[in-house]
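Survey of secondary and tertiary structure
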There are 2 protein chains.
Amino acid sequence: MLGIKIFIMPIRPIRIMELKELKLEDLNPDAFIEEQVEEIKSVVGSGLAINALSGGVDSSTVTLLGHRALGDRLKTCFIENGIMREGEPERIVSLFQAMGIPVEIVDAKQQFFDALKGLTDPEEKREAITQTFYKTVFGTLVKESGANYLLQGTNFTDVEETVAGVKRQHNILEQLGIDTQAAFGYTVIEPVIRLRKPAVRVVGQALGLPEELYSRPPFPGPALAARVIGEVTSARVDVVRKATAIVEAELQNTDAFQYLAILHEDKVTGMREGKRDYGMQVEVRCWESTDAQTGTPTRLPYETLERLADRITTEVPGVVSVTYNITKKPPSTIEAV
Amino acid sequence: MLGIKIFIMPIRPIRIMELKELKLEDLNPDAFIEEQVEEIKSVVGSGLAINALSGGVDSSTVTLLGHRALGDRLKTCFIENGIMREGEPERIVSLFQAMGIPVEIVDAKQQFFDALKGLTDPEEKREAITQTFYKTVFGTLVKESGANYLLQGTNFTDVEETVAGVKRQHNILEQLGIDTQAAFGYTVIEPVIRLRKPAVRVVGQALGLPEELYSRPPFPGPALAARVIGEVTSARVDVVRKATAIVEAELQNTDAFQYLAILHEDKVTGMREGKRDYGMQVEVRCWESTDAQTGTPTRLPYETLERLADRITTEVPGVVSVTYNITKKPPSTIEAV
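To start, this report covers the structure provided alongside it. Computed from a predicted model, the values in this text were never measured in an experiment. (Residues numbered from 1 in each chain as written. Chains lettered and ligands numbered in written order. Predicted model: local features only at pLDDT ≥ 70, side-chain atom pairs only at ≥ 80, totals over all residues. Heavy atoms only, no water.)

1. Let's talk about helix H4 (residues 88-98) of chain A
All names here are of chain A.
- All of the buried residues along H4 are Glu88, Pro89, Ile92, Val93, Leu95 and Phe96. All buried residues of H4 lie within an arc of 160 degrees about the axis, which places them on one face of the element. Set apart from the buried face of H4 by more than 90 degrees, the exposed residues are Glu90, Gln97 and Ala98.
- Here the buried face of H4 lies against helix H3 (57-70), strand E2 (74-80), strand E3 (103-107) and helix H10 (211-214).
- Note on H4: the residue one or two positions beyond its end, Gly100, has a positive phi of about 80 degrees. (Buried < 20%, exposed > 50% of the residue type's maximum accessible area, 1.4 Å probe, protein only. Helix = DSSP H or I, 4+ residues; strand = E, 2+ residues; numbered from the N terminus. Arc of directions from axis to C-beta. Contact = heavy atoms within 4.5 Å.)

Here it is in structure tokens:
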């Protein structure tokens, strides 16, 4: 029932054409919130719902919408997949606790690294994470919880990119024609699906999300695994996690749309204490964009670039080289894999 | 006699400690030229010498010194190894022809690509090129020519880096304690071994080398193979050759010490005509340095970086992403492999 085939063979015709964007300039956040809360209430009725909170603005906003609509009848889980940023699970859970929303941390690190073992192809890695998330981990949680409604933070750009074939977001199911009720035993509710990220931020802010959550740069579904070229091991995720922490600390005061560190599989020659040292390379990307559809690299001051390179090569063991991406999207994409 | 073992086991004690740099400020180019011409004359006597011209400032300067000393008794070859820059063999040969120096082009492309097939480790690739050059190609040429003196453009930085273990230059033999007379049947003469690159340029200029040769940015011994991470095939060399031509055209008017394009083995996601396109990444490096011992990335204007990225992703098929290296040497090195 939860087999791979459902990801390959659409069961229903693709519905994307019916979906219309709700543009930022047309958005009345309070009216939108009221409408979505009513919609969730009416769909779930007296049932139980569940959602996975990643800490990104989309799933954070949906968590608040869901709790406003359902209170205790929404169970929110934070799945610790081992590919999160530094201190992420603790920080997100405590922020939601402060808002009176209990979040359960589910430790699934081992399941994810087992599934990723030996994989280097980006699509296979993405698929392994999707499968582990929906089937192994979340599938079990849903079953155990008895919930038959699943709230998800799918946004309009996710749908568009998936349908266009640019990238498969891990949270697109209905749009690919997958009948989740038949396949998984639950109905998916996607309250922010008509919004792009800037509009989701406005709704999150109106819902009382702390600024550090609603103004967060986007983070990919496969988390740090999307920032590792080649095999995703615990040790390699540690490298990109440290580099990511440095990039986020150094660039958080820029107005950039998104900034990220990527660990390359290619090794390059470096020098340590006068001797040849064959080591790792980290690529930094920092984007100017309004909707992630197109983007240009931020013209960061060279002082900032040099400090990034110094800190990453000094503080992250094994890294001897740092690059800055200078390509527009398109032909580049925001993320590397 | 020409086996691999000579590269592994030094036959004589390393001589580097005896070698003293002749610094740029202490260099009198005319006196130096006279001294080296006399030295070459006295060593070669009435014998025959041979040298391989790569077109770099070191081997170009040595070619002029050798011809001034020996005239027709120096045979100069240009070995077309398939890993040269665009139009390189024709351009170099015609520049020397204009100076009255005949250069023989030896087509050895197939031998080099055969030797490089399947190799991805940088040291193995370097070794394959060294062995193909000295043993398969140049060894045969030397033997056929009857020469027993070989002129080489080894400079002081090559020696230092080799002895320090940072990098093995392909033209270091004596310094590694290899007795070329015993091993190869010829004596190596290295007229510019006490000079670093800026001093070699001054000597080259004094010898009448055209500016486009004496002011050339340094180029590695293994040529474009040093600019390809992973397997070096004819198709992959074509990619980096095109990118190199763009980088050299765009950056030739900067005062940078060196600039280069590197083809990565890692592939990254890109977009073409709205669809996902998994493609190649090219890394650009541009260095401020006086002696190649240390270096900092040039603070190129963003207009230049963006033009480089636009041109490379537009003009080089299959490339979807371009980065700029922002790391100092050390811990980086000038080249990637």
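After that view of the structure, there is still more to cover.
2. Points about the interface of chain A and chain B
- Counting residues at the interface gives 49 residues for chain A and 50 residues for chain B.
- Surface buried jointly by chain A and chain B totals about 4400 Å² across both partners, of which 50% is contributed by carbon and sulfur atoms.
- Among the residues of chain A in contact with chain B, Met271, Tyr302 and Ile326 of chain A are the three that bury the most area, contributing 18% of the side total.
- Our count for the chain A to chain B interface comes out at 8 salt bridges.
- A salt bridge links Arg299 of chain B to Glu303 of chain A; the nearest nitrogen and oxygen atoms lie 3.1 Å apart.
- Mapped by element, the contributors of at least two residues to the side of chain A that touches chain B are helix H6 (122-145), strand E6 (258-272), strand E7 (275-288), helix H12 (302-315) and strand E9 (319-325) of chain A.
- The biggest single contributor to the side of chain A that touches chain B is E6 of chain A, with 9 residues. (Buried area = accessible area lost by both parts, 1.4 Å probe. Salt bridge = Lys/Arg side-chain N within 4 Å of Asp/Glu carboxyl O.)

3. Some points on the packing of helix H11 (residues 234-251) of chain A against H12 of chain A
Residues and elements named next belong to chain A.
- At a minimum axis separation of 10 Å, H11 and H12 run at an interaxial angle of 150 degrees. Compared by their axis directions, H11 and H12 come out roughly antiparallel. In terms of crossing hand, the pair formed by H11 and H12 is right-handed. Residue-level inspection shows Lys242, Ala243, Ile246, Val247, Ala249, Glu250 and Leu251 of H11 in contact with H12, the latter providing Thr304, Arg307, Leu308, Arg311, Ile312 and Glu315.
- Classifying every residue of the contact of H11 with H12 gives 7 nonpolar, 1 polar and 5 charged. (Axes fitted to C-alpha atoms, helices over the stretch in contact; angles between N-to-C directions. Parallel < 35°, antiparallel > 145°, perpendicular 65-115°, else oblique. Left-handed = near helix turned anticlockwise from the far one by under 90°. Nonpolar A, V, L, I, M, F, W, Y, C, P; charged D, E, K, R; others polar.)

4. Looking at the sheet that holds strand E5 (residues 187-189) of chain A
Residue and element names in this part refer to chain A.
- Here we have 5 strands laid out as an open sheet, ordered E3-E2-E1-E4-E5, and parallel in their pairing. Only two strands of the sheet have a single partner each, and these edge strands are E3 and E5. Between one strand axis and the next, the sheet turns through 30 degrees on average, direction left out of account.
- The pairing of strand E4 (residues 149-151) with E5 spans 3 bridges and is parallel. Its bridge partner being in E5, Tyr149 is matched across the sheet by Thr187.
- On top of the sheet, H6 reaches strand E1 (49-52), E2, E3 and E4; it is set at about 150 degrees to E1, its chief contact. (Pairing = 2+ DSSP bridges.)

Everything listed is a geometric property; what it means functionally is a separate question.
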